[in-house]
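Okay, here's what each chain looks like letter by letter:
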Protein chains: 2
Amino acid sequence: MAEAIATAVRGPVLVVGTGLLGTSIGLALHRQGVEVWLRDLVAENVRTASQLGAGVPAPGQGAPALVVVCVPPDLLGAEIGAALATYPEAVVTDVGSVKSAPLAAVGQHPGRGRYVGSHPMAGSERSGPLAASSSLFDGRPWAVTPHPDADPGAVAAVTALAEACGATPVPMAPDEHDRAVARISHVPHLLAVLVAGRLADAPADHLALSGQGVRDVTRVAGGDPALWEQIIEGNAPAVLGLLSEVRGQLELLIEAVTTGERDQLGALLARGQAGTQAIPGKHGGPPRPQRSVFVSVPDHPGELARLFADAGASEVNIEDIHIDHDPGRPVGLVELLVEEARADHLLASLESRGWVTHR
Amino acid sequence: MAEAIATAVRGPVLVVGTGLLGTSIGLALHRQGVEVWLRDLVAENVRTASQLGAGVPAPGQGAPALVVVCVPPDLLGAEIGAALATYPEAVVTDVGSVKSAPLAAVGQHPGRGRYVGSHPMAGSERSGPLAASSSLFDGRPWAVTPHPDADPGAVAAVTALAEACGATPVPMAPDEHDRAVARISHVPHLLAVLVAGRLADAPADHLALSGQGVRDVTRVAGGDPALWEQIIEGNAPAVLGLLSEVRGQLELLIEAVTTGERDQLGALLARGQAGTQAIPGKHGGPPRPQRSVFVSVPDHPGELARLFADAGASEVNIEDIHIDHDPGRPVGLVELLVEEARADHLLASLESRGWVTHR
C-alpha cells in the first residue's frame, strides 16, 4: 500500500493540457511545493489554471524532470512522443483513461523506457480548469501501468506523482488496466447513455415521475460526448468484449420477460444485486449497517448549519448526507446516514432541539 | 397543482401490507391525526409498524373508509378484490408500481367504481417496515390513475391520501402511467442490473479501481430481486417495447465501436447527454449553474457540525452535499454545491475559519 508520507516528486513538472485533470494535478503538486509548468493549446486555459494557483506558464527554455500529458485521448500518442523527443532526460507519463493505445503509439521510440502510463480514477461530468480541485485525487486509486521495458526510475517517479497528488498508486499491466476500466467505467457509462437516450424525447408528464433512481443511473451520461467518443474508441477491444456479454444478457432478459419465465428473470436480477455488493465499501471495508434519519430543513442559508450544529452535539458520526433534489418539495428534506446503533440517539437529540424528524 | 393544505382523509384507513410503503403511509397519516389500522400476513411486521407509530393492528370488526393495499405486485389483484368485497362502502386503492395489471384483475367486480389505483414515486433499495419514514413521500410525485368507470368520490379520496402523505398527486391514465414508469424506472433498473451483473465475478483488483460513477449507475440494482421480478413481469408489454429500443441502440453502439465510426458513436453519446438534461431539476425548475467547494473534514463526530456552523456564518445556501465514499481516503472530503456566484465568498469565509478548502 501507499506510504503515509508521499515520496518527493522532483520538479519542475511540465503539465501538458490544463483541463480538469491537468489543472487539478498542478494544484495538488503546488500544495506540495513542487514547481509546476503549464502548457495548453488554448492560451486562456493556461491563464485560468495559472490564476487558480496550478503553476506558471511553461518558460521558453529549461527542461522539466517530469512531463504529465493530460490531453484528450486522440492526441496522447503524439504528445507523449513529442515530450520524449524534446526532453531527453525527462520521465514522461499521461493520465489517459486507456493505456494500451498510447503505449502502442510510443512504439519503438528510443526513449520509451522513460514513458510509464498512469490513470487517476477521478473525474467529473464537468470539464475544464474551472472544475479542477487540488483534492480531486485524495485517497483515490491511481493506476500506474509500466510496460516491460520501463525504467525502474521512471516507474518510481510516476508512483511518486500519484502519491504527491494524494492518491493511492495501483500498479497494473496496461492491458489489464484497460480490461478493468472497460468493466468499471466505460461500459457502465455506455449503458447509462442508452438509458438516458430513452429520456431525450419522452413526454414531459412521463419525466415528471422521475425519482432519484433514474437520476443516479444516468448522471455519468451527462459527460462530454467528444471526450467519451475518444475514450471508447481507444479501448474498443475490451469494451466490445463486454458489450457482447451485455448483448447476450439483454437477449436472456428479453426472453425471460417475453415468456414470463420468472426463474430466469430472478437469476438476472440476483446477479445484478450480487454485483452491487462486490464493489468495495468506504475505506475498502465491508459495508456496516446504517440507518437513515430524515430531517425537514427550510431551503435557505444557515438552516443546514443549525442542523449540523445540533447534530454535532449528539456526538454521532454522520456517514453520508443526501439532500433531496426531486422537484416539488416545499422544504428540503435532509437524510443523514448513521450507524444503525446510533440512530435513535441522534433522533432523540435532534427532536429535543426542536427539529422535525421522521423515521 | 396540489393545494398547499392537504385535503382531509376520512378514516379509519386500513393499510394492508406493512412493508416499506405501507408503514410509511401509516406514519404519514398518523402525523395528520388519521386513524390507521394495520394488517399483514406476517404478524411481526404489524407489531413493528405499530411500535413505530404507523397505526394499530386492525380490529376484528368495524369497516374502514379507505383501504390502501401495499402488498407485493403478484398479490395486488386478489387483495384489491377482497377489500372491495369485504368492505362494500370503502374506497380501495393500491400503491403498486404497475397499474394496468391490478385493474385487469379487478375486472368486472361490481364494486370496481370504488377502486382507483395509485403509485407514489418513492422507495428505496431497502425494504421492510424498519426502512419506513413518514417523510418518504414529501414533495414526491404520486400518480393517481382512475379508470373510466371510477367514482369521482373515490378519485377525490385517493387524491386526498396522496396529499395527506405530503406528496403531489399526478393524475394519469393507468396505461399511460405504465409506459411512463417503464421508461423512467423499470428499464433504468434493468440496465443497472446488467451493468452490475458484469461486476459480480470481476477480479478484485479490477473492482479496486471503482469510482463514484459505477456506484451511482448500479445503486438501484441492489433492490430486492423478488420484488422487481414481479414489477417487471407486471409491466411486461411496456418494458419489452423499450428493451427492444435499447437492443436496437446497443446494436448501433456495437457497430459504431467495431467500425470506428465516430459520428455514429458521437450521436449516441450526445443523445444520452440530452436525456440527462431532460430530467426536471430541483423544484421543477431548470438547473442553475453551481460550483463545488471541497473541504477536508476528519471522519469523526462533531467535525461536520463545526463545518456547517462555519459555513452557515457565510450566509451561502448549500444546494447539495456529497461525502466521498471511495475507499482509502484518510479524511473525509466534503463537497458543497453552491450557486456559482457565491462559491468564492464561501471559500474565503471557510478559509478564514481555518478550514482546508480546495478548489
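As the structure is a prediction and not an experimental result, all values here were calculated from the model.

Turning our attention to the side chain of B:Ser133. Examined against the element boundaries, B:Ser133 turns out to sit in the loop between β6 (117–120) and β7 (141–145). Among the polar contacts listed, one links the side chain of B:Ser133 to the backbone nitrogen of B:Ser135, at a separation of 2.9 Å.

Right, let's talk about the sheet that holds strand β7 (residues 141–145) of chain A for a bit. All names here are of chain A. The three strands are arranged β6-β7-β8 in an open sheet whose pairing can be described as mixed. Here the strands that pair on one side only, and so sit at the sheet edges, are β6 (117–120) and β8 (168–171). Mean inter-strand twist for the sheet, computed between neighbouring axes without regard to direction, equals 25 degrees. The pairing of β6 with β7 spans four bridges and is classified as antiparallel. Counted as the bridge partner of Gly-117 is Thr-145 from β7.

Before going further, it helps to spend a moment on the environment of A:Val257. With respect to the helices and strands, the residue A:Val257 is situated in helix α10 (residues 236–259). Classification of A:Val257 as buried rests on a relative accessible area of 2%. Setting aside residues no more than four positions away along its own chain, A:Val257 makes contact with A:Leu265, B:Ile232, B:Glu233, B:Ala236 and B:Leu240.

Here A:Gly11 and A:Pro12 are connected by a cis peptide whose omega angle stands at -10 degrees. Within the element layout of this structure, A:Pro12 appears in the segment before β1 (13–16).

What follows deals with the interface of chain B and chain A. Every contact between the two is made by 134 residues of chain B and, on the other side, 134 residues of chain A. A buried area of about 12400 Å², summed over both sides, lies between chain B and chain A, and 62% of it is on carbon and sulfur atoms. Joining chain B to chain A, the criterion identifies twelve salt bridges. Close ionic contact of A:Arg262 with B:Asp74 constitutes a salt bridge, the shortest N to O distance being 2.9 Å. Inspection of the chain B/chain A interface yields 20 residue pairs in polar contact (both at pLDDT 80 or more). For the side of chain B that touches chain A, the element with the highest residue contribution is helix α6 (residues 174–197) of chain B, accounting for 17 residues. Its residues placed into classes, the side of chain B that touches chain A shows 65 nonpolar, 35 polar and 34 charged.

Definitions and cut-offs
- Residues numbered from 1 in each chain as written.
- Chains lettered and ligands numbered in written order.
- Predicted model: local features only at pLDDT ≥ 70, side-chain atom pairs only at ≥ 80, totals over all residues.
- Heavy atoms only, no water.
- Helix = DSSP H or I, 4+ residues; strand = E, 2+ residues; numbered from the N terminus.
- Polar contact = N/O pair within 3.5 Å; in protein donor to acceptor, adjacent residues only side chain to side chain.
- Pairing = 2+ DSSP bridges.
- Axes fitted to C-alpha atoms, helices over the stretch in contact; angles between N-to-C directions.
- Buried < 20%, exposed > 50% of the residue type's maximum accessible area, 1.4 Å probe, protein only.
- Contact = heavy atoms within 4.5 Å.
- Buried area = accessible area lost by both parts, 1.4 Å probe.
- Salt bridge = Lys/Arg side-chain N within 4 Å of Asp/Glu carboxyl O.
- Nonpolar A, V, L, I, M, F, W, Y, C, P; charged D, E, K, R; others polar.

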